[in-house]
Amino acid sequence: MSDINSDNRKVVIELQNVFRDFHVGDETVHALRGVSFKIYEGEFVTIMGKSGSGKSTLLNQLGCLDTPSRGEYYLDGISVRKMKKPERAVLRNRKIGFVFQNYNLLPKTTSIENVELPLMYNPGISAKERRERSIEALKAVGLGNRLYHKSNQMSGGQMQRVAIARALVNNPAVLLADEATGNLDTRTSFEILVLFQKLHAAGRTIIFVTHNPDIANYSSRNIVLRDGIVRSDEVNNNILSAAKALAELPPSRDD
Ligand SMILES: Nc1ncnc2c1ncn2[C@@H]1O[C@H](COP(=O)(O)OP(=O)(O)OP(=O)(O)O)[C@@H](O)[C@H]1O
Ligand SMILES: [Mg+2]
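Predicted model, so just to flag it, every value in this text is computed and none were measured. Every residue gets a number counted from 1 within its own chain, in the order that chain's sequence is written. Labels are handed out in written order, letters beginning with A for the chains and numbers beginning with 1 for the ligands. Predicted model: local features are reported for residues with pLDDT of at least 70 only, side-chain atom pairs are reported and counted for 80 or more only, and whole-chain, interface and lining totals are derived from all residues.

Got a sec to walk through the sheet that holds strand E2 (residues 27-40)? Specific residues and values, please.
In a beta sheet, neighbouring strands are held together by backbone hydrogen bonds and run either parallel or antiparallel to one another. Here, strands pair whenever DSSP counts at least two bridges between them. Only DSSP runs of H or I with at least four residues qualify as helices, and only runs of E with at least two residues qualify as strands; both kinds are numbered from the N terminus onward. As summarised here, the arrangement of the four strands in space is E2-E1-E4-E5, forming an open sheet in which the pairing is antiparallel. A strand with exactly one partner marks an edge of an open sheet, and here the two such strands are E2 and strand E5 (78-79). When strand E1 (residues 11-24) meets strand E4 (residues 70-75), the two strands line up antiparallel, connected through five bridges. Across the sheet, Gln-16 pairs through a bridge with Glu-72, a residue of E4.

Dropping the structure here:
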């Protein structure tokens, strides 16, 4: 299988007819019912759909947290289905950065220590390099002044920035986000969107799952799921600027 297509864009993710069934008691839930798509390097893809349409199930496949009941998944050209569990864990650690709605930071732990965590699994990286890379990642998300704050000493938006720094510190092939702005107020959501757009402009591949249809205006492509299948898959030729939207928001009460 070639991982370069005709216009020389590298395929980072390829799903071929992916199904995921869950068996609960006598019932089978068909959470994914034949999903196929390719995602190219540098795309910022939003995945939308109603509650229960299969978004998180799909993201769990993409993030190697779960395996399809049937169908193929290639990550950076590697067949994930054929891998054993420990190999999959290494692949996940090296190739995927995750950002979740509830941040998933270690409690009462500093920003630096949270961001260092994914590097701990890589014996080739020294303690000094770990520290340097986490500081760099935290500066890149605008948290150079919160390196030693603990997770309980920060705002939601700041915690999400720490989570994004942690997702990026390994320089992953793809950044996966599940409702990454779901817990944040409008202004803070836009601040996080500005950051995602900066990462996109810098060439990152991003997949962002959301309920919120507005967010699709800020991504380069939007995939809509319905009942476990792809309902539509469209490139956005008119990407709006989150920075501009942020500037136009009414001032918050503390401004
Ligand atoms: N571990 C599981 N066991 C059984 N059924 C599951 C499991 N995970 C998900 N499902 C079912 O699969 C379907 C898709 O769930 P999923 O969590 O992917 O939806 P979603 O689009 O992420 O929804 P939401 O927007 O509410 O987060 C749902 O009907 C759900 O009940
Ligand atoms: Mg979900």
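So, next bit.
How would you summarise the site of ligand 1 if you had to cite specific residues and measurements?
We call a residue near a molecule or strand when the C-beta position, derived from backbone atoms, sits within 6 Å of it. In the vicinity of ligand 1 lie 13 residues, with Phe-22, Ala-31, Ser-51, Ser-56 and Thr-57 positioned nearest. Residue assignment for the shell around ligand 1 shows that the elements contributing at least two residues are E1, E2 and helix H1 (55-62). Take the shell around ligand 1: its biggest share by element is three residues, from H1. Basically, the charged four are Asp, Glu, Lys and Arg, the nonpolar ten are Ala, Val, Leu, Ile, Met, Phe, Trp, Tyr, Cys and Pro, and anything else, Gly included, counts as polar. Along the lines of polarity and charge, the residues of the shell around ligand 1 split into four nonpolar, eight polar and one charged.

Residues and numbers for the sheet that holds strand E9 (residues 221-226), please.
With mixed pairing, six strands are arranged side by side in an open sheet as E6-E7-E8-E3-E9-E10. Because the sheet does not close on itself, it has two edges, and the strands there are strand E6 (96-100) and strand E10 (229-235). Direction aside, the axes of adjacent strands within the sheet are offset by 15° on average. Alignment of strand E3 (residues 44-48) against strand E8 (residues 206-209), held across four bridges, turns out to be parallel. Looking at the pairing, Thr-46 lines up with Phe-208 of E8. Once C-beta atoms are placed from the backbone, any two residues with those atoms within 7 Å are in contact. Geometry is summarised by axes, namely lines fitted to C-alpha atoms with helices restricted to the contacting stretch, and by angles between N-to-C directions that run from 0 to 180 degrees. Contacting E3, strand E7 (174-178) and E8, helix H6 (residues 186-201) crosses the sheet at an angle of about 155° to E8.

Got a sec to walk through the nonpolar core? Specific residues and values, please.
Note on soluble globular proteins: their nonpolar side chains tend to be buried together. Counting residues in hydrophobic clusters, the biggest one holds 61 residues, and the most contacted among them are Ala-165, Leu-176 and Ile-207. Here the element with the most residues in this core is helix H5 (residues 156-168); it accounts for seven residues. Not counting residues within four places of it along the chain, the set of residues in contact with Ala-165 comprises Val-115, Ala-137, Leu-138, Ala-140, Val-141 and Leu-143. Throughout this description, the term nonpolar core refers to a group of buried Ala, Val, Leu, Ile, Met, Phe, Trp, Tyr and Cys residues whose C-beta atoms join them within 7 Å. Exposure in this text rests on C-beta crowding, where 20 or more other C-beta atoms within 10 Å of a residue's own make it buried, 12 or fewer make it exposed, and counts in between make it partly exposed. The C-beta atoms are placed from the backbone.

Talk me through H6; I want residue IDs and the actual numbers.
The terminal C-alpha atoms of H6, which comprises 16 residues, lie 22 Å apart, in line with the 22 Å expected from a rise of 1.5 Å per residue. Among all positions in H6, only Ser-189, Phe-190, Glu-191, Ile-192, Leu-193, Phe-196, Gln-197 and His-200 are buried. Lining the buried residues of H6 we find E3, H5, E8 and helix H7 (242-248). Just beyond H6, the residue with positive phi is Gly-203, at close to 100°. For a helix, the expected span equals 1.5 Å multiplied by the residue count minus one.

Got a sec to walk through the pairing of E1? Specific residues and values, please.
Note: E1 against E2, 11 bridges, orientation antiparallel. Each bridged residue has a counterpart across the sheet, and for His-23 the counterpart in E2 is Thr-28. In sequence, E1 turns back onto E2 through a hairpin of two residues, with Gly-25 there showing a positive phi of about 60°.

Describe the packing of H5 against H6, with residues and values.
Where H5 contacts H6, the two axes come as close as 10 Å, and the packing angle between them is 20°. One way to sum up the angle between H5 and H6 is to call them roughly parallel. Relative to H6, H5 is oriented so that their crossing is right-handed. Residues Gly-156, Gly-157, Gln-160 and Ile-164 of H5 form the contact with H6, whose own contacting residues are Thr-188, Glu-191, Ile-192 and Leu-195. Looking at side-chain class alone, the contact of H5 with H6 contains three nonpolar, four polar and one charged residues. Throughout this description, any angle smaller than 35 degrees is read as roughly parallel, any larger than 145 degrees as roughly antiparallel, any in the 65 to 115 degree range as roughly perpendicular, and the remainder as oblique. A crossing counts as left-handed when the near helix is turned anticlockwise from the far one by less than a right angle, and as right-handed when that turn is clockwise.

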